[in-house]
Amino acid sequence: MPFAINSAPIPSDPPISIRTCSALTAHRLALWGWLSLTLSLSEFLIRLSDPRLLLTVCLTMGVILVNGWTDAPNAITATVVTGALSFRSAVLMASVCNLLGVLCSAAVSNAVAQSIYDVADFGGDTRVALTALCAALTAILLWATVAWRFGIPTSESHALVAGLSGAALALEGGFYNLSPGVWMRILAGLFLSVLSGFLLGRWYMVRFGAAMETRLRPRPLRACQIAGSGVMAFFHGAQDGQKLIGVFLLSAALAQGRCDTETFPIPFWLMLLCAVTMALGTALGGKRIIDNVGRNMVSLTPVQGLSADLTGSACLLLCTLLGLPVSTTHTKTAAILGVGAASEKSKADWHVARSILLAWVFTFPGCGLIGYGMARLFLRIV
């Protein structure tokens, strides 16, 4: 993802909308030079003396942190609740696999990130665009923190979409600032990931569950579980890591009041920072989500956990290949619910499942309203 910070005067270019700027950066995301260190960490830290850049970086890092609280734990839920790995070991594994997912997705594809970038247009004033983006990030932080308090897994991808859209609605143009085509892709990804996760999880458990129970020995089963969780964490990095890094660089560019044509690929230290921050969030608050999904909603057995990992990973792979921005939370939770619905020993608790589904439904209007309110408030202040 290209982006430049320098001390040159801001050029008097034509007005640049956040959608135009984002599409440009997303298009260049597929460059192979993702290990470039053109922008050093020390240089970036020096530039943090700019209060606008410092604010946007803090908000973005906060979103990445709460993503680790509420989203990343789903990848390791089955492995932790069945005892295949300790919580600390699972968090370490997830952080490494998240990093690998970010690296691979940044080098290969940009379709998912571009869908997030193009969802809203904030007009031609970069100051207004930056204010709206900060409002959206604030909305995500508030929404995710409340959801984590009640142990409900949420999707920061959908919260990001809702927050951006709500902030855009607060600007001149209203609904005309939204992109119907991108919204259709997001809703299609939501429907496909949840439905396929549940149906595939249920089918797999009915078709192969009994055979796996009798044929798989504890040690090979444990190894398969660890591998399955690693794949889930990899796809979490490929989906959410790419989106969050893109927002990080976009907000930093807007904080400089520009969208540079002098660019460079994503620096490796930023990818590492994103993965480590996600892991820190999971370590700080991930147990609450894991307990609610893997013990309260469905008391997972090792075979159920492995089945949920395999089917959830297959669904994420399909959606990623189709370029659909989907939620790893929704996909994995639906797969867990599917294997639970197919089991006689460990059935799903539909009361807990209903509360989680309601949180998903209210993410779009709830986070959108918060984004709208924050944008109106921020525009009055700045």
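Residues numbered from 1 in each chain as written. Predicted model: local features only at pLDDT ≥ 70, side-chain atom pairs only at ≥ 80, totals over all residues. Heavy atoms only, no water.

*Asks:* What should I look at first to understand the layout of surface pockets in this one?
*Replies:* Over the atoms rolls a probe the size of a water molecule, and in doing so it shows where empty space is left. Taken as a whole, the largest pocket spans an internal volume of roughly 290 Å³. Every residue lining the largest pocket is counted, 15 residues in all, and those nearest its centre are Leu 55, Leu 130, Thr 131, Cys 134 and Val 382. With 6 residues, the top contributor of residues to the lining of the largest pocket is helix H7 (residues 126–149). Residues of the lining of the largest pocket, tallied by class, amount to 8 nonpolar, 5 polar and 2 charged. (1 Å grid on protein atoms, 1.4 Å probe; cavity = no way out; pocket = protein on both sides within 12 Å on 5 of 7 lines; lining within 4 Å. Points joined across faces, edges and corners; volume = space filled by probe spheres on them. Helix = DSSP H or I, 4+ residues; strand = E, 2+ residues; numbered from the N terminus. Nonpolar A, V, L, I, M, F, W, Y, C, P; charged D, E, K, R; others polar.)

*Asks:* For this particular structure, what's the right way to read the packing of helix H8 (residues 156–169) against helix H14 (residues 350–381)?
*Replies:* When two helices pack together, their arrangement is given by the angle between the helix axes and the distance between those axes. Axis separation between H8 and H14 bottoms out at 7 Å; the angle between their running directions is 40°. Taken together, the axis directions place H8 and H14 in an arrangement best described as oblique. Crossing angle aside, the handedness with which H8 passes H14 is right-handed. In this structure, H8 uses His 158, Ala 159, Val 161, Ala 162, Gly 163, Gly 166, Ala 167 and Leu 169 to contact H14, whose residues at the interface are Thr 363, Phe 364, Cys 367, Gly 368, Gly 371, Tyr 372 and Ala 375. Classifying every residue of the contact of H8 with H14 gives 9 nonpolar, 6 polar and no charged. (Axes fitted to C-alpha atoms, helices over the stretch in contact; angles between N-to-C directions. Parallel < 35°, antiparallel > 145°, perpendicular 65-115°, else oblique. Left-handed = near helix turned anticlockwise from the far one by under 90°. Contact = heavy atoms within 4.5 Å.)

*Asks:* Help me out: how do you make sense of the packing of aromatic side chains in this one?
*Replies:* Both the distance between ring centres and the angle between the ring planes are used here to describe each pair of aromatic rings. In the structure shown here, the tally under the stated rule is 5 aromatic pairs. When the centroid spacing of 5.0 Å and the interplanar angle of 45° are considered together, the rings of Tyr 204 and Phe 208 count as tilted. Placement of both Tyr 204 and Phe 208 in helix H9 (residues 180–215) is noted, with a separation of 4 residues, approximately one turn of the helix. The exposure class of Tyr 204 is buried, given its relative accessible area of 18%. Taking the centre distance of 5.6 Å and the plane angle of 85° together, the rings of Phe 234 and Phe 235 count as edge-to-face. Accessibility expressed as a relative area gives 26% for Phe 234, which makes it partly exposed. Among the residues examined, Phe 235 registers a relative accessible area of 11% and is labelled buried. Among the aromatic residues, those joined into a ring-pair cluster are Trp 203, Tyr 204 and Phe 208. (Phe/Tyr/Trp six-rings, centres within 6.5 Å; stacked < 30°, edge-to-face > 60°. Buried < 20%, exposed > 50% of the residue type's maximum accessible area, 1.4 Å probe, protein only.)

*Asks:* Could you clarify how one ought to interpret the environment of Leu 379 in this entry?
*Replies:* Examined against the element boundaries, Leu 379 turns out to sit in helix H14. Put simply, Leu 379 and Ala 132 are 247 residues apart on the chain and 8.0 Å apart in space, counted from C-alpha to C-alpha. Once you skip the residues sitting within four places of it in the chain, Leu 379 turns out to touch Val 128, Thr 131 and Leu 171.

*Asks:* I tried to follow the confidence of the model for the chain on my own but got confused; where do I start?
*Replies:* Segments scoring low in pLDDT should not have their predicted coordinates read at a detailed level. Scored by pLDDT, the chain comes out at a mean of 75, with 78% of its residues at no less than 70. Confidence over residues 1–37 falls short of pLDDT 50; this stretch has 107 contacts with residues more than four positions distant or in other chains. In the predicted structure, residues 259–264 sits below a pLDDT of 50 and forms 19 contacts with residues beyond four places in sequence or in another chain. (pLDDT = per-residue confidence, 0-100.)

*Asks:* Hey, could you run me through the nonpolar core in this one?
*Replies:* If you look at soluble globular proteins, the nonpolar side chains tend to sit buried side by side. Within the largest apolar cluster, 58 residues are counted, with the highest numbers of intra-cluster contacts made by Val 119 and Phe 122. Of all the elements in the fold, those that place two or more residues in this core are helix H3 (51–70), helix H5 (87–108), H7, H8, H9, helix H10 (218–255), helix H11 (268–297) and H14. In terms of residues, this core owes the most to one element, H7, which gives 12 residues. Residues Ala 90, Val 298, Leu 316 and Ile 356 belong to the second largest nonpolar core, which totals 41 residues. (Core = buried A, V, L, I, M, F, W, Y, C linked by side-chain atoms within 4.5 Å.)

*Asks:* Would you explain the environment of Val 382 in this entry?
*Replies:* With respect to the helices and strands, Val 382 occurs in the segment after H14. Assessed through its relative accessible area of 56%, Val 382 is described here as exposed. Separated by 251 residues in sequence, Val 382 and Thr 131 have C-alpha atoms that sit 8.0 Å apart. In this structure, Val 382 is in contact with Arg 127 and Thr 131, ignoring residues within four places of it in sequence.

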